[in-house]
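Below, each chain spelled out in residue letters.
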Amino acid sequence: MRQKPTVLAREIVASSRLFRVEELQLRFSNGVERTYERLVGKGSGYGAVMIVALVDGENALLIEEYCGGTDSYELSLPKGLIEPGEDVLEAANRELKEEAGFGARRLELLTELSLSPGYMSQKIQVVLARDLYPEHLPGDEPEPMRIEQVSLRELSSLIQHPQFSEGRALAALYLARDLLTQRGEFTP
């Protein structure tokens, strides 16, 4: 295993309501020094969840929401922050109720994904939700979210959808499909 670089200095160089930019002065094992910048959490975060919610054995829910980063309405999976006192599965069920209007009787943690490890410290927990039932909780969304479905058989065509661009959502859908296929619960 490679030796991690030595941190010579670290400093918060910018901060907003949501983000902090940390500058790292690093020395690598070969003596080369570099400055890296990364987004770091505000220190009070408990993580985040993304939910692959299956309405049946083949179809997953997508939500449409406004995304400030792309300045457009995008399709993605329900997701959100884990609140204090919640575990991952409780947070996933709450976010699913807030964003999609469904709860799940069966929840399973699939994996953890990094968002952009070269620039961000944040990670997201991917949860598979099944045996859905209608239940809506009020959330922090500024407007109601439109709900769509995607077939796990049609993931390659989802990439062509003009409103779908989120790589971590696509990875989560493929992971869920592959796991279900390995278990014999889905036939592609």
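Residues numbered from 1 in each chain as written. Predicted model: local features only at pLDDT ≥ 70, side-chain atom pairs only at ≥ 80, totals over all residues. Heavy atoms only, no water.

Participant: Looking at this structure, I do not really get the sheet that holds strand β3 (residues 33-40). What am I missing?
Facilitator: Remark on secondary structure: sheet strands pair via backbone hydrogen bonds, oriented parallel or antiparallel. Pairing in this open sheet of three strands is antiparallel, and the strands run β1-β2-β3 from one edge to the other. Only two strands of the sheet have a single partner each, and these edge strands are β1 (6-15) and β3. Adjacent strand axes in the sheet meet at a mean angle of 20°, parallel and antiparallel pairs treated alike. (Pairing = 2+ DSSP bridges. Helix = DSSP H or I, 4+ residues; strand = E, 2+ residues; numbered from the N terminus. Axes fitted to C-alpha atoms, helices over the stretch in contact; angles between N-to-C directions.)

Participant: I keep staring at the nonpolar core and nothing clicks. Help me out?
Facilitator: Core analysis: the biggest nonpolar cluster contains 24 residues, and V52, L77, L158 and L173 have the highest contact counts within it. Elements with a contribution of two residues or more to this core: β4 (48-53), β5 (59-67), β9 (123-134), α2 (155-158) and α3 (167-182). Tallying contributions element by element places α3 first for this core, with six residues. Not counting residues within four places of it along the chain, the set of residues in contact with L158 comprises L62, V150, F164, L170 and L173. The next biggest cluster of nonpolar side chains, apart from the first, holds 15 residues, and it includes I51, I82, A129 and L132. (Core = buried A, V, L, I, M, F, W, Y, C linked by side-chain atoms within 4.5 Å. Buried < 20%, exposed > 50% of the residue type's maximum accessible area, 1.4 Å probe, protein only. Contact = heavy atoms within 4.5 Å.)

Participant: I would appreciate a short explanation of unusual backbone geometry in the present structure.
Facilitator: In terms of backbone geometry, most residues other than glycine have negative phi values and most peptide bonds are trans. Although it is not a glycine, D71 adopts a positive phi angle of roughly 55°. Looking at where D71 falls in the secondary structure, it is placed in the loop between β5 and β6 (72-76). Its relative accessible area of 57% is what places D71 among the exposed residues. Within the chain, D131 stands out as a residue other than glycine whose phi angle is a positive 55°. With respect to the helices and strands, D131 occurs in strand β9. With a relative accessible area of 37%, D131 lands in the partly exposed category.

Participant: Just checking my understanding: could you explain the pattern of salt bridges for this structure?
Facilitator: Where side chains of opposite charge bring their charged atoms close, a pairing between them can arise. Scanning the model with the defined rule gives 21 salt bridges in all. For the salt bridge of E33 with R27, the shortest nitrogen-to-oxygen distance reads 2.8 Å. Taking the relative accessible area as the measure of exposure, E33 reaches 44% and is therefore partly exposed. Relative accessible area serves as the criterion here: at 36%, R27 is assigned to the partly exposed category. Notably, a salt bridge pairs E108 with R183, separated by 2.3 Å at the nearest N-O pair. Taken as a pair, E108 in strand β8 (residues 102-114) and R183 in the segment after α3 lie far apart in primary sequence, 75 residues in all. With relative accessibility at 23%, the residue E108 sits in the partly exposed group. Judged by its relative accessible area of 38%, R183 is partly exposed. (Salt bridge = Lys/Arg side-chain N within 4 Å of Asp/Glu carboxyl O.)

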